[in-house]
Amino acid sequence: MTASKETLIEVRGLCSQFGDNVIHDDLDLTVERGEVIGVVGGSGTGKTVLLNTIIGLKEPEGGSVSIFGHDMATLSKQEAADVERRTGVLFQSGALFSSLTVLQNVAAPLVEHTRLPMAMIDEIAEMKIAMVGLKPEAHHLKPAELSGGMKKRVGLARALALDPELLFLDEPTAGLDPIGAAAFDDLIRQLSDDLGLTVFMITHDLDSLYAITDKVAVLADKRVVAKATVSELERSDHPWIKEYFLGPRGRAAKAA
């Protein structure tokens, strides 16, 4: 008998809205330790709203969100700091500090959350930068001097700075050319395997779903209508899932 996996994210009965516009209604989702989960859905289904609610950037109108067993609505200051240290977030735009160098951007979480000496912080930041495939020449560049792909890698290095257990990625391959996107997918899968990460990834990139996810959660009808492997979703009767996975782009991604 297999032991049940630890649940790292638990969303129950989530309701989200902006004014009269209801985005989520009674949405449930669980993410277990070690999963690489992709979150997909049509435009306006609230993929980024869901991510922002889980990490505490948006308060839900109803329901509950727990990370590492902590209810996000009732976190003490110490629990909030603990959750923040154990999670990393790569926002879609990279969200780098424009006035800081690459090295300073990656070091920022270490400066904020640790009391390590600066020499050690710089050493850790340099290691994280190397881990995402960037060379030492990039250390002293500012974000304006970086390509789109380099910005994503710096954002990923910063998200990994505190050795998180749980990594959130918002459209990580958006804006990258196909070769750059495939390389980024490979990097995420490799880091997930090597570091034992649990990954929550919002994406519209079918290639990413086929290449690196264990499960895919589908947002439709204001809730999660399915959470399953890609091969299981290919057999779904839900109209949006059929169109998404069995349309021309889905067939091309499967064949790649």
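Structure: above.
Being a predicted model, the structure only gives us computed values, none of them experimental.

*Asks:* Any details on the layout of surface pockets? Residues and values, ideally.
*Replies:* Taken as a whole, the largest pocket spans an internal volume of roughly 610 Å³. Lining the largest pocket are 24 residues, and of these Glu 84, Thr 87, Val 89, Phe 91 and His 113 sit closest to its centre. Within the residue set of the lining of the largest pocket, elements represented by two or more residues are α2 (77-86), β6 (87-90), α3 (102-113) and α5 (148-159). Residue composition of the lining of the largest pocket, grouped by class: 17 nonpolar, four polar and three charged.

*Asks:* Can you break down helix α9 (residues 239-246) residue by residue, with the values?
*Replies:* Since there are 3.6 residues in each turn of an α-helix, residues three or four apart along the chain are aligned in direction. Three or more residues of α9 are buried, namely Ile 241, Tyr 244 and Phe 245. Projected down its long axis, α9 carries its buried residues within an arc of 85 degrees, all on one side. Exposed and facing more than 90 degrees away from the buried side of α9 are Pro 239 and Glu 243.

*Asks:* How would you explain the environment of Val 132 if you had to name every residue and give the values?
*Replies:* Assignment of secondary structure puts Val 132 in the loop between α4 (118-131) and α5. For Val 132, a relative accessible area of 0% puts it in the buried group. On a C-alpha basis, the gap between Val 132 and Val 218 in space is 29 Å, while along the polypeptide they are 86 residues apart.

*Asks:* Lay out the sheet that holds β6 with the relevant residues and their values.
*Replies:* Reading across the sheet, the six strands line up as β6-β7-β8-β3-β9-β10 and stay open at both edges, with mixed pairing between neighbours. With one partner strand each, in any of the chains shown, β6 and β10 (223-228) form the two edges of the open sheet. Going from strand to strand, the sheet's axes swing by 15 degrees on average, the running direction of each strand aside. Where strand β3 (residues 36-41) and strand β9 (residues 215-220) come together, five bridges link them in parallel fashion. Looking across to β9, one finds that Gly 38 is bridged to Val 216.

*Asks:* Explain the sheet that holds strand β1 (residues 7-18) to me, using residue names and the numbers behind them.
*Replies:* Pairing is antiparallel in the open sheet, where four strands are placed in the order β2-β1-β4-β5. Each having just a single partner strand, β2 (21-32) and β5 (70-71) make up the two edges of the open sheet. Here two bridges tie strand β4 (residues 62-67) to β5, and the two strands are oriented antiparallel to one another. When the bridges of β5 are listed, Ser 66 appears paired with Asp 71. Helix α1 (residues 47-54) rests against β1, β2 and β4 of the sheet, and its axis sits at about 120 degrees to β1.

*Asks:* So what's going on with the packing of α3 against α5? Residues and values would help.
*Replies:* Packing of α3 against α5 leaves a shortest axis separation of 7 Å and a crossing angle of 30 degrees. Judged on the interaxial angle alone, α5 and α3 are roughly parallel. As for how α3 packs across α5, the hand of that crossing is right-handed. Across the interface between the two elements, Val 102, Asn 105, Val 106 and Pro 109 from α3 touch Val 154, Ala 157 and Arg 158 from α5.

Criteria and cut-off values
Residues numbered from 1 in each chain as written. Predicted model: local features only at pLDDT ≥ 70, side-chain atom pairs only at ≥ 80, totals over all residues. Heavy atoms only, no water. 1 Å grid on protein atoms, 1.4 Å probe; cavity = no way out; pocket = protein on both sides within 12 Å on 5 of 7 lines; lining within 4 Å. Points joined across faces, edges and corners; volume = space filled by probe spheres on them. Helix = DSSP H or I, 4+ residues; strand = E, 2+ residues; numbered from the N terminus. Nonpolar A, V, L, I, M, F, W, Y, C, P; charged D, E, K, R; others polar. Buried < 20%, exposed > 50% of the residue type's maximum accessible area, 1.4 Å probe, protein only. Arc of directions from axis to C-beta. Pairing = 2+ DSSP bridges. Axes fitted to C-alpha atoms, helices over the stretch in contact; angles between N-to-C directions. Contact = heavy atoms within 4.5 Å. Parallel < 35°, antiparallel > 145°, perpendicular 65-115°, else oblique. Left-handed = near helix turned anticlockwise from the far one by under 90°.

Function-wise, these values are silent; they only describe arrangement.
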